[in-house]
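Results of the structural survey
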Amino acid sequence: MAILTRTKEELASALAGLQGSTALVMTMGALHDGHMSLVRAAREKADNVVVSIYVNPLQFGPNEDFDAYPRTLDADMALLDTVGVEVVFAPTDEAIYPRQPLVRIDPGPIATLYEGTTRPTHFAGVLQIVHKVMNLVRPQYAFFGQKDAQQLALIRTMVADLDMPVEICAVPIKRDIDGLALSSRNSYLSETERIEALALSQALNLGRDQARAGGSPQQVSDVARGYLEQAAGVRLDYLSLVNPDTFEEITGDERPERALLVCAAWVGPTRLIDNMEVEFHG
Ligand code: AMP
């Protein structure tokens, strides 16, 4: 059974009882098999696994789904017990932000692109909480999902630029059998929307296949974007081929060594993101 801690003091005393290395998995709860693949990877890597569950108000914009976001702590604890973790940190808002923080992390230029265009304050809020929880847990390893690829790039950048003593470990996207990337926000989708949402992964697959067939970066993003633009029930936010570290757009005919096709779209009122690695040969 994991020790459930709600304050910094409870967390500190639970951590004091651990021996050996520690891996941290940070989540907003409403856990699904995507989160659990991070927990399983953490379990393999370190002697101890700490999972944080916190719906961080700082990373939600004023018109976003902070209040509606699912909160399912009892079910989350039960799921975590199926793998076995040492400590769960599910703090109250007062424990994390006793007042509005005055010192803020400036996430820099990567945070202004793509997700940052639609969600301008999102990544500053993400890095604020990631930095805080890493300072509280002081893990050797921290696991993040490739699902949130721009977040992952920003966390790697923060850890490098601030010399944070932690190794960032990335875990591939976990998908449902029909291709939909697992997400806590999938619970917002109606039955019809759930089917319409498949267009995201289908578009990314088309792009990846286009590259395999010898297509240029421009052709890859054109074919994937074209598919998503005409998909029923889907309103495209962005679809681009980018460098996975810098999120700079890759266009033209020159084939890059590494590339990530990233997209975001609304399906009904729900905003979903997805991405896929694309390999160019020759
Ligand atoms: P969240 O609770 O949405 O903040 O996600 C917590 C962590 O789980 C982040 O590192 C996410 O990238 C990761 N994650 C969420 N969904 C998936 C998924 N389908 N596959 C892999 N990792 C995921």
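In what follows, the accompanying structure is described. This is a predicted model, so every value here is computed, not measured. (Residues numbered from 1 in each chain as written. Predicted model: local features only at pLDDT ≥ 70, side-chain atom pairs only at ≥ 80, totals over all residues. Heavy atoms only, no water.)

1. Comments concerning the pattern of salt bridges
Pairing of side chains with opposite charge becomes possible as their charged atoms draw close. One pass over the full model with this rule turns up 15 salt bridges. Asp33 serves as the salt-bridge partner of Lys174, at 3.5 Å between the closest nitrogen and oxygen. In this pair, Lys174 is assigned in the loop between β6 (167-171) and α8 (191-196) and Asp33 in helix α2 (residues 33-45), connecting sequence segments 141 residues apart. Given the relative accessible area of 33%, Asp33 is considered partly exposed. A salt bridge links Asp209 to Arg208; its shortest N-O distance comes to 3.8 Å. When its relative accessible area of 37% is taken as the criterion, Asp209 is described as partly exposed. Classification of Arg208 by relative accessible area gives partly exposed; the value is 23%. (Salt bridge = Lys/Arg side-chain N within 4 Å of Asp/Glu carboxyl O. Helix = DSSP H or I, 4+ residues; strand = E, 2+ residues; numbered from the N terminus. Buried < 20%, exposed > 50% of the residue type's maximum accessible area, 1.4 Å probe, protein only.)

2. A few points about the site of the ligand
Near the ligand there are 16 residues, and of these His35, Gly145, Asp148, Lys174 and Leu182 occur at the shortest range. Within the side chain of Asp148, an N or O atom sits 2.6 Å from an oxygen atom of the ligand. At 2.8 Å from a nitrogen atom of the ligand is found a main-chain nitrogen or oxygen belonging to Leu182. Against a free-state accessible area of 480 Å², the protein chains account for coverage of 92% of the ligand. Elements with a contribution of two residues or more to the shell around the ligand: β2 (22-27), α2 and β5 (141-145). Within the shell around the ligand, the residues separate by chemical class into 7 nonpolar, 6 polar and 3 charged. (Near = heavy atom within 4 Å. Polar contact = N/O pair within 3.5 Å; in protein donor to acceptor, adjacent residues only side chain to side chain. Areas by Shrake-Rupley, 256 points an atom, 1.4 Å probe, with all protein chains shown as cover. Nonpolar A, V, L, I, M, F, W, Y, C, P; charged D, E, K, R; others polar.)

3. Concerning the packing of aromatic side chains
Using the criterion set out here, one finds 5 aromatic pairs in the structure. Grouping aromatic residues by their ring pairs yields a cluster made of Phe60, Phe66 and Tyr69. A cation sits over an aromatic face here: Arg71 above Phe66, 4.8 Å from the ring centre. If you follow Arg271 out to its NZ or CZ, it ends over the ring of Trp266, 5.7 Å from the centre. (Phe/Tyr/Trp six-rings, centres within 6.5 Å; stacked < 30°, edge-to-face > 60°. Lys NZ or Arg CZ within 6 Å of the ring centre and 35° of its normal.)

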